[in-house]
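Residue-level listing of the chains:
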Amino acid sequence: MTAVTELAGKVALVTGGARNIGRAICRSLAAGGAAVMVNANTSRTRRKHTFVADQVGGRKGAYHFADVTDPAAVAKMDRCDG
């Protein structure tokens, strides 16, 4: 089976990406070849588990804990390395 790479070279930021629909979106984007940044504001443990699950197949990504309504927190997200 050939890996899907239609999103190769793309970066996706998924807010609320640690659980439920957000987690499914992260997994779909990663399966498509995107590097995924998982952002969560309340689910620290689940956020990291989602990030680790998305790394299957050597895809790059990151996770970050931030309130996206806080401009200072959002500004720090571009410097996040997991």
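Located above this text is the structure these notes cover.
Residues numbered from 1 in each chain as written. Predicted model: local features only at pLDDT ≥ 70, side-chain atom pairs only at ≥ 80, totals over all residues. Heavy atoms only, no water.

1. Digging into the nonpolar core
- Val14, Cys26, Ala30, Ala34, Val36, Val38 and Tyr63 form the largest nonpolar core, which has seven residues in total.
- Of all the elements in the fold, those that place two or more residues in this core are helix 1 (20–31) and strand 2 (35–40).
- In terms of nonpolar packing, the next biggest core, distinct from the first, is built from five residues, Met37, Ala66, Ala73 and Met77 among them. (Core = buried A, V, L, I, M, F, W, Y, C linked by side-chain atoms within 4.5 Å. Buried < 20%, exposed > 50% of the residue type's maximum accessible area, 1.4 Å probe, protein only. Helix = DSSP H or I, 4+ residues; strand = E, 2+ residues; numbered from the N terminus.)

2. Digging into the environment of Val38
- Tracing the chain through its elements places Val38 in strand 2.
- By relative accessible area, which is 0% here, Val38 ends up buried.
- Put simply, Val38 and Gly17 are 21 residues apart on the chain and 5.2 Å apart in space, counted from C-alpha to C-alpha.

3. What about the environment of Ala8?
- Considering the arrangement of structural elements, one finds Ala8 in the segment before strand 1 (11–15).
- As a C-alpha pair, Ala8 and Leu29 span 21 residues in sequence and 9.7 Å in three-dimensional space.
- Apart from the residues lying within four places of it in its own chain, the contact partners of Ala8 are Gly32 and Gly33. (Contact = heavy atoms within 4.5 Å.)

4. Considering helix 1
- Over its 12 residues, helix 1 extends 17 Å from the first C-alpha to the last, a length consistent with the 16 Å expected when each residue adds 1.5 Å.
- Along helix 1, the residues classified as buried are Gly22, Cys26 and Ala30. Considered in projection along helix 1, the buried side chains sweep an arc of 70° and stay on one side of the axis. When the buried face of helix 1 is taken as reference, the exposed residues oriented beyond 90 degrees from it are Asn20, Ile21 and Ser28.
- Downstream of helix 1 by one or two residues, Gly33 has phi in the positive range, about 105°. (Expected span 1.5 Å × (residues − 1). Arc of directions from axis to C-beta.)

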